[in-house]
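Report on the structure
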Amino acid sequence: MKNPKLKTQNSKHFCNFAHEMKKCIILLLSWAAIAAATAQDSLRFRIDSLLEDPMFETSQVGLMVYDLTADSAIYMRNQRQLMRPASCMKLVTAITALDALGSKYEYLTRIYYTGNIADSTLRGNIYCVGGFDPMLTMDDVAALASCVRKAGIDSIRGLLVADRSMKEMNDYGEGWCWDDDNPVLTPLSIGRKDIFLQTFAEEVTRLGINLEGARLTGGTMPANARLIGVMRRPITDVLQRMMKMSDNFYAESMFYQTAASAKKGLARASDARNISKKLFARLGLGHYPYKIADGSGLSLYNYVSTELLCALLRHAWKSPDIRNALLPSLPVAGIDGTLKDRMKNTCAQGNVRAKTGTLTGISSLAGYCTTKDGRQLAFAIINQGVMHNKTAKAFQDRLCTLLCEQ
């Protein structure tokens, strides 16, 4: 027969043990919270010390650091000040495009024909329809030309037409400097040059297709045209060079892909701006007067904040489709892209993944890093009014190294 007193004693011992364990857990959690708070206070103090640099007597900085793991901001300074982002504008362009189009989106360059094919002769026109693929090569044009041959055509009695109607006719972005050597924003080019149609004609001729009497011209493809060939380019391929090498032409092509998703006929910069602003509103920042002028950051009219850049980085991090496309495209400190020669031989090397930005008087950096204890951080820095970009970059590198040491 069981002893009821023993059972009661065991029960009391268990309750006491559970109570003590609860106290220990609460104490441990309290210590962890105190340690975390102490670490954050230490980080804030060290960043504050960096901001005592004499460079800030004559220049401004916008700065925000966000702990993605804890989902909380851990440092802010002038985070809502509107500043020119330089090429960090490409982050806005990339994240907006991936949000609107998805990582499986493809750029299309298409070949159509009108008229009739009889006895291997096309009595009609060939239309080369540009989709603003910035990566088109001579080999791509040759592949498209071979589609004409595969369609059973060995002679063309009509026109070869370059259809550039994918976008509005502006050659340059709003607010671009007149004395910069910038490529014309044409949606049908090879190596940034408007030589697609003549190159296509040369390739067609090389394949033995007779163009005698055919004429090269510009125009718009009619609705009854029939498709005979298409060149596809994954958006992720464009994203790689756009971000790693900060390619402005690639960024503008992506800006207009976003604009085209509005499906309003000609893709217009205003459409891309509206799509960006709708995303900002979804992120809770739609009431701020951001100015989006172009997709590359060349424009002197772009104005954003580090708070906005961090919000976009947070949105990308929370969206696996965007994150998986964006992260591999970002320059890696001390390894590749525009960060290849920065932060070498520090704990930031191979850790920081971020977009750089440089214009006269502007230096920016925004992206991600991992702390020593495994926390994921997003950060955005814009230095404005700096006459020596080396000084601003040195500040940014010290800050990133500091974040990685935590």
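This report concerns the structure included in the present document. (Residues numbered from 1 in each chain as written. Predicted model: local features only at pLDDT ≥ 70, side-chain atom pairs only at ≥ 80, totals over all residues. Heavy atoms only, no water.)

Structural notes on the pattern of salt bridges
All chains considered together, the criterion is met by 19 salt bridges. We note a salt bridge from Arg80 to Glu307, for which the minimum N-O separation is 3.1 Å. With a gap of 227 residues between them, Arg80 in the loop between β2 (72-77) and α2 (89-101) and Glu307 in helix α8 (residues 306-318) connect regions that are remote in the sequence. By relative accessible area, which is 11% here, Glu307 ends up buried. Asp336 serves as the salt-bridge partner of Lys244, at 2.8 Å between the closest nitrogen and oxygen. Of the two residues, Lys244 sits in helix α5 (residues 235-244) while Asp336 sits in the loop between α9 (320-326) and β11 (353-359), which places them 92 residues apart along the sequence. Connected via shared salt-bridge partners are Asp67, Asp373 and Arg375. (Salt bridge = Lys/Arg side-chain N within 4 Å of Asp/Glu carboxyl O. Helix = DSSP H or I, 4+ residues; strand = E, 2+ residues; numbered from the N terminus. Buried < 20%, exposed > 50% of the residue type's maximum accessible area, 1.4 Å probe, protein only.)

A few points about the packing of aromatic side chains
Aromatic rings in a pair are described by how distant their centres are and how their planes are angled relative to each other. One pass over the full model with this rule turns up ten aromatic pairs. With a centroid separation of 5.1 Å and 80 degrees between ring planes, the pair formed by Phe56 and Phe395 is classed as edge-to-face. Taken together, the positions of Phe56 in the loop between α1 (4-50) and β1 (60-67) and Phe395 in helix α10 (residues 389-405) put the pair 339 residues apart, joining distant regions of the chain. Taking the relative accessible area as the measure of exposure, Phe56 reaches 16% and is therefore buried. A relative accessible area of 0% means that Phe395 is categorised as buried. (Phe/Tyr/Trp six-rings, centres within 6.5 Å; stacked < 30°, edge-to-face > 60°.)

What about the environment of Met76?
Within the secondary structure, Met76 is located in strand β2. By relative accessible area, Met76 is classed as partly exposed at 42%. In this structure, the C-alpha to C-alpha distance between Met76 and Gly62, residues 14 residues apart in sequence, is 8.1 Å. Setting aside anything within four residues of it in sequence, one finds Met76 in contact with Leu63 and Met64. (Contact = heavy atoms within 4.5 Å.)

Overview of the sheet that holds strand β13 (residues 376-384)
Spatial ordering of the open sheet is given by β2-β1-β13-β12-β11, a layout of five strands whose pairing is antiparallel. The open sheet has two edge strands, β2 and β11, and neither has a second partner. Strand-to-strand twist in this sheet, taken as the mean axis angle between neighbours without regard to direction, amounts to 5 degrees. Here β11 pairs with strand β12 (residues 362-370) via seven bridges, running antiparallel. (Pairing = 2+ DSSP bridges. Axes fitted to C-alpha atoms, helices over the stretch in contact; angles between N-to-C directions.)

Here we look at α2
Because each turn of an α-helix spans 3.6 residues, side chains separated by three or four positions in sequence point in the same direction. Its 13 residues place the ends of α2 18 Å apart at the C-alpha level, agreeing with the 18 Å of an ideal helix rising 1.5 Å per residue. Within α2, eleven of the 13 residues are buried, leaving the element largely enclosed by the surrounding structure. (Expected span 1.5 Å × (residues − 1).)

Concerning the pairing of strand β6 (residues 126-129)
A two-sided burial pattern is seen for β6, the buried positions comprising Ile126 and Cys128 on one face and Tyr127 and Val129 on the other. Here strand β3 (residues 106-113) runs beside β6; their pairing, made up of four bridges, is antiparallel. By the bridge assignment for β6, Ile111 is matched with Cys128. Where β6 and strand β8 (residues 159-163) come together, four bridges link them in parallel fashion. Along β8, the bridge assignment pairs Ile126 with Leu160.

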